[in-house]
Amino acid sequence: MKISGFSPYIYRGDIERFISPPLDMVSNEDVLSLTSMEDNVAELLFDQNPSRKLRTLIDKGKLVNLGNDVMLVLRQDFKMGGKNVTRTGLICSLHLERESDLIPHEATIREYVVKRKNFFAATGAQIEPVFIVSPGDDLERILSTLTPDMEQVASFADSSGILNTLYLINSYSKISELRKSLSNVNGIIADGHHRVKALSEINEYRASKGIQRIGLLSYITSIDGPGLMISGIHRIIRKSQEEFLGRIRSDFFIREMKSNVPRGRMILYDGSFKEMEPLPETRDLVRSLGFYPDTPSDYSNLIFSGNLKQGMDFDDMIEYTPYEDRAIENVRRGEASAALLMPSWAKDEFLRVVSKGRILPPKSTFFYPKVYAGITISLHEHEVYSMK
């Protein structure tokens, strides 16, 4: 990866009310709550003139620039399994000279790519960093040695209760050390496939016109660090779907479970827990179409679409949530007919799938803890100038 410093803006004020969970995972109810707050970053997506809104925040001194060619370190402290855990990552600009500079693992949906291109065209802003993981744990080890000498610029708790602390790196020698440490590393996109695709297309257009490419606002951390987890994203079936239930019965062994004990397979919850194991002919079908190593997401795609077409959008039939308890509660309250509970990912299994070049269906993985939108904003100089 080829990284560099950038010119970050951060919110000076009640930053806990400014930030938002990643904007592609907020529900409609969350959107209403967030946009009701003064200055919340989610407002930018729904404002009639987001460029003017950004300029107003800057002119009022609410969005403050921290300098040019600097980097940020984000330290996140939280509890997991009753233990204190820390994760450290780097926020910087990543040069996207080719789309292949980053390794994707999920398909994109064209509608979402276009929305992100349109937002950037209107504002010149990147309001949340793309989440990237690097192999091993070298990056976190390097960052942990740098933080004691760095200037703290913000500290706040996000809505999930995680303590976030931002540090500023403006030392040329430290930035050079970080650039060198990642120069021969291939990054894997954890979250932000649509934003990467959107900026890649924008950069291709700019390059064709002889205009300099724009760096990707990125958060990079080590995949093998103890503070990174990967879960599945659960499917909530909002209304009774006989065809959906028929596919499950025809393509899977169904076993009643006494409790929801993780076993690495999908679980159907319709008032009771039922483990789903693909029939041999179902597994053969998936693998014969080139989906190998096969994953639970491939079988979920088969259930809902009747085929294995990548990138289909099933939002009219189902809702996605990374929170298992929310999916179960929807069924218990009668707001959904069933839920498909997806297993968590072992990191070595995820890396094995990615190393084979697999592009999984959308909504296959959920990396957490998340990095919130609005934690820092990157404005491209030309677009900032044009807003004046």
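Preceding this paragraph is the structure being described.
A short tour of the structure in this document, coming up. (Residues numbered from 1 in each chain as written. Predicted model: local features only at pLDDT ≥ 70, side-chain atom pairs only at ≥ 80, totals over all residues. Heavy atoms only, no water.)

### Concerning the packing of helix H6 (residues 138-146) against helix H7 (residues 172-182)
It is at 11 Å that the axes of H6 and H7 come closest, and there the two elements cross at 170 degrees. Judged on the interaxial angle alone, H7 and H6 are roughly antiparallel. Contacts between H6 and H7 involve Leu139, Ile142, Leu143 and Leu146 from the former and Lys174, Glu177, Leu178, Ser181 and Leu182 from the latter. Here the contact of H6 with H7 is built from residues that sort into six nonpolar, one polar and two charged. (Axes fitted to C-alpha atoms, helices over the stretch in contact; angles between N-to-C directions. Helix = DSSP H or I, 4+ residues; strand = E, 2+ residues; numbered from the N terminus. Parallel < 35°, antiparallel > 145°, perpendicular 65-115°, else oblique. Contact = heavy atoms within 4.5 Å. Nonpolar A, V, L, I, M, F, W, Y, C, P; charged D, E, K, R; others polar.)

### What about helix H4 (residues 50-59)?
Within H4, seven of the 10 residues are buried, which leaves the element mostly enclosed by the surrounding structure. Those residues of H4 that fall on the buried side of the exposure criterion are Pro50, Ser51, Lys53, Leu54, Arg55, Leu57 and Ile58. Two residues or fewer after H4 comes Gly61, characterised by a positive phi angle close to 75 degrees. (Buried < 20%, exposed > 50% of the residue type's maximum accessible area, 1.4 Å probe, protein only.)

### Description of the sheet that holds strand S14 (residues 234-237)
Taken in spatial order, the six strands of this open sheet run S15-S17-S16-S19-S14-S18, and their pairing is antiparallel. Since the sheet does not close on itself, it has two edges, and those belong to strand S15 (252-257) and strand S18 (318-321), each with one partner. Neighbour to neighbour, the strand axes of the sheet diverge by 25 degrees on average, direction disregarded. Bridging between S14 and strand S19 (residues 338-341) involves three bridges; their strand directions are antiparallel. Bridging from a neighbouring strand, Ile237 pairs with Ala338 of S19. (Pairing = 2+ DSSP bridges.)

### Observations regarding the pattern of salt bridges
Oppositely charged side chains can form a pair if their charged atoms are brought close together. Here the structure, examined in full by the defined rule, presents 27 salt bridges. One salt bridge connects Glu38 with Lys62, and the closest N-O pair in it is separated by 3.5 Å. Placement of the pair is Glu38 in the loop between helix H2 (28-35) and helix H3 (43-46) and Lys62 in the loop between H4 and strand S3 (63-65), with a sequence separation of 24 residues. Residue classification places Glu38 among the exposed positions, given a relative accessible area of 58%. Put simply, Arg358 and Asp298 hold a salt bridge, and the shortest N to O gap is 2.9 Å. (Salt bridge = Lys/Arg side-chain N within 4 Å of Asp/Glu carboxyl O.)

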